[in-house]
Amino acid sequence: MPLLELSGLTWETRGTRRGLPPGPLTVDSGSTAVVVAADCAEADTFTDILLGLEMPDDGLIRVGGEEVTMRLPVDRKIGLVPAGAGLLPHLTVEQNLSFAAVSLTRGSVAYMAKQAKIEGFLRSRPHELAHDERLDIAVARARLLPIRVVVVEDRTGYGPCHAAVSAALRTNPSLAVLVVADDRTRVASLTSPSRFWEIADVPEP
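The following paragraphs examine the structure supplied in this document. Worth saying up front: this structure is predicted, and the values here are computed from it rather than measured.

## Quick look at the sheet that holds strand β10 (residues 196-198)
Stage number 1. Across the sheet, which stays open at both edges, the five strands sit in the order β7-β8-β9-β4-β10 with parallel pairing between neighbours. Edge positions in the sheet fall to β7 (78-81) and β10, since each has one partner strand and no second. In this sheet, adjacent strand axes meet at a mean angle of 20 degrees when their direction is disregarded.
Stage number 2. As paired strands, strand β4 (residues 32-36) and strand β9 (residues 176-181) are joined by five bridges and run parallel to one another. Paired with Val34 across the bridge in β9 is Val179.
Stage number 3. Running over the sheet, helix α1 (residues 40-51) touches β4, β7, β8 (149-154) and β9 and is turned about 150 degrees from β9.

## Here's the deal with the packing of helix α4 (residues 131-143) against helix α5 (residues 162-171)
Pairs of packed helices are described in terms of their axes, by the angle between the two and the distance that separates them.
Stage number 1. At a closest axis distance of 9 Å, the pairing of α4 and α5 adopts a crossing angle of 45 degrees. Looking at the two axes, α4 sits oblique to α5. In terms of crossing hand, the pair formed by α4 and α5 is right-handed. Of the residues in α5, those in contact with Asp132, Leu135, Asp136, Val139 and Arg143 of α4 are Ala163, Ala164, Ala167, Ala168, Arg170 and Thr171.

## Some points on the pattern of salt bridges
Stage number 1. Applying the stated criterion across every chain, the model contains 10 salt bridges.
Stage number 2. Residue Arg18 is joined to Glu42 by a salt bridge in which the shortest nitrogen-to-oxygen separation is 2.6 Å. Taken together, the residues Arg18 in strand β2 (residues 16-19) and Glu42 in helix α1 connect sequence positions 24 residues apart.
Stage number 3. A residue is classified by how much of its surface remains accessible, and Arg18, at 12% relative accessible area, is buried.
Stage number 4. Among the salt bridges present, the one from Asp44 reaches Arg155, with a minimum N-O distance of 3.0 Å. On the criterion of sequence distance, the pair formed by Asp44 in helix α1 and Arg155 in the loop between β8 and α5 is long-range, its members being 111 residues apart.
Stage number 5. The exposure class assigned to Asp44 is partly exposed, which follows from its relative accessible area of 30%.
Stage number 6. Connected through shared salt-bridge partners, Arg18, Glu42 and Asp201 make up one network.

Procedures and definitions
Residues numbered from 1 in each chain as written. Predicted model: local features only at pLDDT ≥ 70, side-chain atom pairs only at ≥ 80, totals over all residues. Heavy atoms only, no water. Pairing = 2+ DSSP bridges. Helix = DSSP H or I, 4+ residues; strand = E, 2+ residues; numbered from the N terminus. Axes fitted to C-alpha atoms, helices over the stretch in contact; angles between N-to-C directions. Contact = heavy atoms within 4.5 Å. Parallel < 35°, antiparallel > 145°, perpendicular 65-115°, else oblique. Left-handed = near helix turned anticlockwise from the far one by under 90°. Salt bridge = Lys/Arg side-chain N within 4 Å of Asp/Glu carboxyl O. Buried < 20%, exposed > 50% of the residue type's maximum accessible area, 1.4 Å probe, protein only.

Here it is in structure tokens:
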């Protein structure tokens with residue numbers, strides 16, 4: 001059974017019905033797949049649908065065999081690594097992690113920092129870190145919650161997402177990783193061509 005399955009997802013963008021190609025998109029535990037959107041706005045819309053911030057017009061999202069299409073974001077077991085890491089610049093790394101996990105104890109943050117091997121960065125601020133180090137922090141932040149799938153954004157104008165994909169699978173090989181990109185050439189080396197899906201126009205039913 002795939003860890004993530006997207007089937008028949010459609011939505012409307014600027015008056016046009018858009019969606020994934022026929023047949024389910026599946027991602028197994030420990031694997032990576034890529035969805036390529038026409039532009040940044042469409043990529044953002046698709047990411048919001050996965051996270052539960054927007055609802056699709058049709059289709060299903062399953063995680064571990066359970067349908068989560070209409071569930072609240074916190075109940076989907078899907079985490080996000082934003083393009084550029086999305087860290088708050090005025091906070092230290094430790095504060096960024098704590099802010100994202102307000103319901104967790106300080107010990108949970110310390111445990112995740114040790115597991116992700118980022119203990120040396122906890123007192124640093126994001127601008128003091130290299131791009132790949134910031135992505136390591138973003139992956140650790142996503143993993144503070146009980147997720148099974150990581151959605152990694154890759155967007156034109158930001159550094160590449162490759163370090164986030166590597167960090168997610170290195171620190172938890174049981175995760176499924178779905179990259180949502182707005183330019184296929186930026187992510188061509190992440191997985192085999194058969195693991196790429198492109199958003200396209202969908203005929204009206």
